[in-house]
Amino acid sequence: MQVELAHYLLLAAVLFGIGAMGVLTRKNLITILMSVELMLNSVNLTFVALARHAADQEAQVVVFFVLCVAAAEVAVGLAILISVWRKRGTMNVDALSALKG
Amino acid sequence: MGLETILFLLLAVGAVLTALLVVTSPSPIGSALYLVGTMFCLAGLYVLLAAPFLAAIQMIVYAGAIIVLLLFVIMLLNLRRIDEVLSKGWRIAGLFVAGLTLFALFMAIVRGSSVLPEMPSIPDDFGKVKELGKILFSKYLYAFEATSVLLLAAMIGAVALVRKEGKEGGKDAS
C-alpha cells in the first residue's frame, strides 16, 4: 500500500467529523473550544497534504496564518470563558441563553 | 509496506484515537492532555509531508502555548466535569449532523480521487524555514503584517475582557 493524497484527505475529514461531533454534543465550554481546535487542525492537515502533492509551498504559508488565527481565537475564547465563569459560575453552555431571544 | 506507510498508519490511528478521546473524555484536563497527543501525531504527519518547519511550529505553538494556556485556565478556575445532561434528541441530532458532514467529505474525496495529483518530486529545501520565509516576506507581507495587528487586537481584547469592572487600573487586575 502506497500512501496517497486521498488517505491524508480522508484522515483530515475523519478528524473534522470528530471535532464537529465534539462541538455539537458536548456542553462543557472548554471542551467545545478544544473541539474547534481539532477542526482547525484537520483543515491544516489538508493544506499541508495538498502543498506536498501540488509541490507548492504557498499552502504551507496559509497554515502559518491559520495557526496565528487559532492562537488569537484561543486567547479571546479563554478570556470570554473566564468572564462567563466569574459572572455565572458555570461552564455549561445551557446557562448562556441571554441572547436566545 | 514501506517505512512511510507504517509511520502514516501509526500516526493516523494515533491521531484519530486521541481525537476521539478529546471529545469523549469527561474531564477537561483529560481532553487537553489528549489534544497534545493529537497535535503530536499531526506534527509527525507534517514531517512525512515535507513540512518540517510547520511540524516544529505545531509543537511549539499548540503543545507549548495553546494547550498550556488551556490547562492553566482549567486549573486556575478549578474546572471539574460538569453534568452533561444532553437530551437524547439533541445527542442524536448532533451525531447525525456530524456524521452527515463526514459522509459528504468522504463522498467528495472518494469521487474526486481519480483527479487527485500523484506525489511529485520536490526540491530538497521544500518547506524549510528559508523557502517559507521568502514567500512569507514577499508575496504575503501585507497578510503577515495584518496578522500582527490581529494578534495585538486579540491580546488587548483578552485583557479588556478579563479586567475586573469597577476598578480603574487597580493593582490586582487579575
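Up top is the structure these notes are about.
Worth saying up front: this structure is predicted, and the values here are computed from it rather than measured.

Novice: Give me the lowdown on the overall build of chain B, citing residues and values where you can.
Specialist: Helix and strand counts for chain B come out as six helices and zero strands. Mapped in sequence order, the helices and strands of chain B form the string α-α-α-α-α-α. In terms of C-alpha radius of gyration, chain B reaches 21 Å, well past the compact-globule figure of 16 Å for 174 residues. Projected onto its principal axes, the C-alpha positions of chain B cover 60 × 50 × 25 Å. Residues classed as buried in chain B amount to 34% of the 174 residues present. Intrachain contacts of chain B at a sequence separation of at least 6 include 53% that bridge at least 24 residues. Summing over all exposed atoms, chain B offers an accessible surface of approximately 10,700 Å²; the carbon and sulfur share of this is 72%. A gap of 7 Å separates the mean positions of the 13 positive and 11 negative side-chain charges of chain B.

Novice: Help me get a handle on the overall build of chain A, residues and values and all.
Specialist: When its secondary structure is counted, chain A shows three helices and zero strands. Reading chain A from its N end, one meets helices and strands in the order α-α-α. Computed over C-alpha atoms, the radius of gyration of chain A comes to 17 Å, more than 25% over the 13 Å expected from 2.2 N^0.38 for 101 residues, which places it beyond the range of a compact globule. Based on the C-alpha atoms only, the size of chain A along its principal axes is roughly 50 × 25 × 25 Å.

Novice: Provide a residue-level description of the interface of chain B and chain A, including the pertinent values.
Specialist: Every contact between the two is made by 86 residues of chain B and, on the other side, 69 residues of chain A. Both sides of the chain B and chain A interface together cover about 7,200 Å² of buried area, and 77% of this is carbon and sulfur. For the chain B face of the interface with chain A, the top three residues by lost area are F8(B), V23(B) and L49(B), together amounting to 9%. Counting the contacts that link chain B with chain A gives one salt bridge. At the boundary of chain B with chain A, the tally comes to ten residue pairs in polar contact (both at pLDDT 80 or more).

Novice: An account of helix α3 (residues 58-88) of chain A is requested, with residue identities and associated values reported.
Specialist: Its 31 residues place the ends of α3(A) 44 Å apart at the C-alpha level, agreeing with the 45 Å of an ideal helix rising 1.5 Å per residue. Immediately beyond the C-terminal end of α3(A), within one or two residues, lies G89(A), with a positive phi of roughly 70°.

Novice: So, the side chain of N44(A): which residues are in play, and what are the values?
Specialist: Topologically, N44(A) is positioned in helix α2 (residues 29-54). Owing to a relative accessible area of 0%, N44(A) belongs among the buried residues under this scheme. Those residues in contact with N44(A) that sit more than four places away from it in its chain are V63(A), V66(A), L67(A) and Y46(B).

Novice: Lay out the nonpolar core in plain terms, naming residues and giving numbers.
Specialist: Counting 62 residues, the largest nonpolar core has I30(A), L81(A) and L45(B) as the members making the most contacts within it. Among the secondary structure elements, those contributing two or more residues to this core are α1 (5-25), α2 and α3 of chain A together with α1 (3-24), α2 (28-48), α3 (52-77) and α4 (88-112) of chain B. Counting residues per element, this core draws most heavily on α1(A), which supplies twelve residues. Here L81(A) is in contact with L29(A), I30(A), L33(A), M91(A), V73(B) and L77(B), once residues within four sequence places are set aside. The next biggest cluster of nonpolar side chains, apart from the first, holds eight residues, and it includes V61(A), C68(A), L132(B) and Y140(B).

Novice: Any details on a nonpolar patch on the surface? Residues and values, ideally.
Specialist: Taken together, M1(A), M1(B), I6(B), L9(B) and L10(B) make up a surface patch of nonpolar side chains, about 520 Å² in accessible area. Mapping L10(B) onto the fold places it in helix α1. Its relative accessible area of 57% is what places L10(B) among the exposed residues.

About the thresholds
Residues numbered from 1 in each chain as written. Chains lettered and ligands numbered in written order. Predicted model: local features only at pLDDT ≥ 70, side-chain atom pairs only at ≥ 80, totals over all residues. Heavy atoms only, no water. Helix = DSSP H or I, 4+ residues; strand = E, 2+ residues; numbered from the N terminus. Rg over C-alpha atoms; globule rule 2.2 N^0.38 Å. Buried < 20%, exposed > 50% of the residue type's maximum accessible area, 1.4 Å probe, protein only. Contact = heavy atoms within 4.5 Å. Areas by Shrake-Rupley, 256 points an atom, 1.4 Å probe, with all protein chains shown as cover. Lys, Arg positive; Asp, Glu negative; His and termini not counted. Charge placed at Lys NZ, Arg CZ, Asp CG, Glu CD. Buried area = accessible area lost by both parts, 1.4 Å probe. Salt bridge = Lys/Arg side-chain N within 4 Å of Asp/Glu carboxyl O. Polar contact = N/O pair within 3.5 Å; in protein donor to acceptor, adjacent residues only side chain to side chain. Expected span 1.5 Å × (residues − 1). Core = buried A, V, L, I, M, F, W, Y, C linked by side-chain atoms within 4.5 Å. Patch = residues over 30% accessible without salt bridge, like charges linked within 9 Å, V, L, I, M, F, W, Y side chains within 5 Å.

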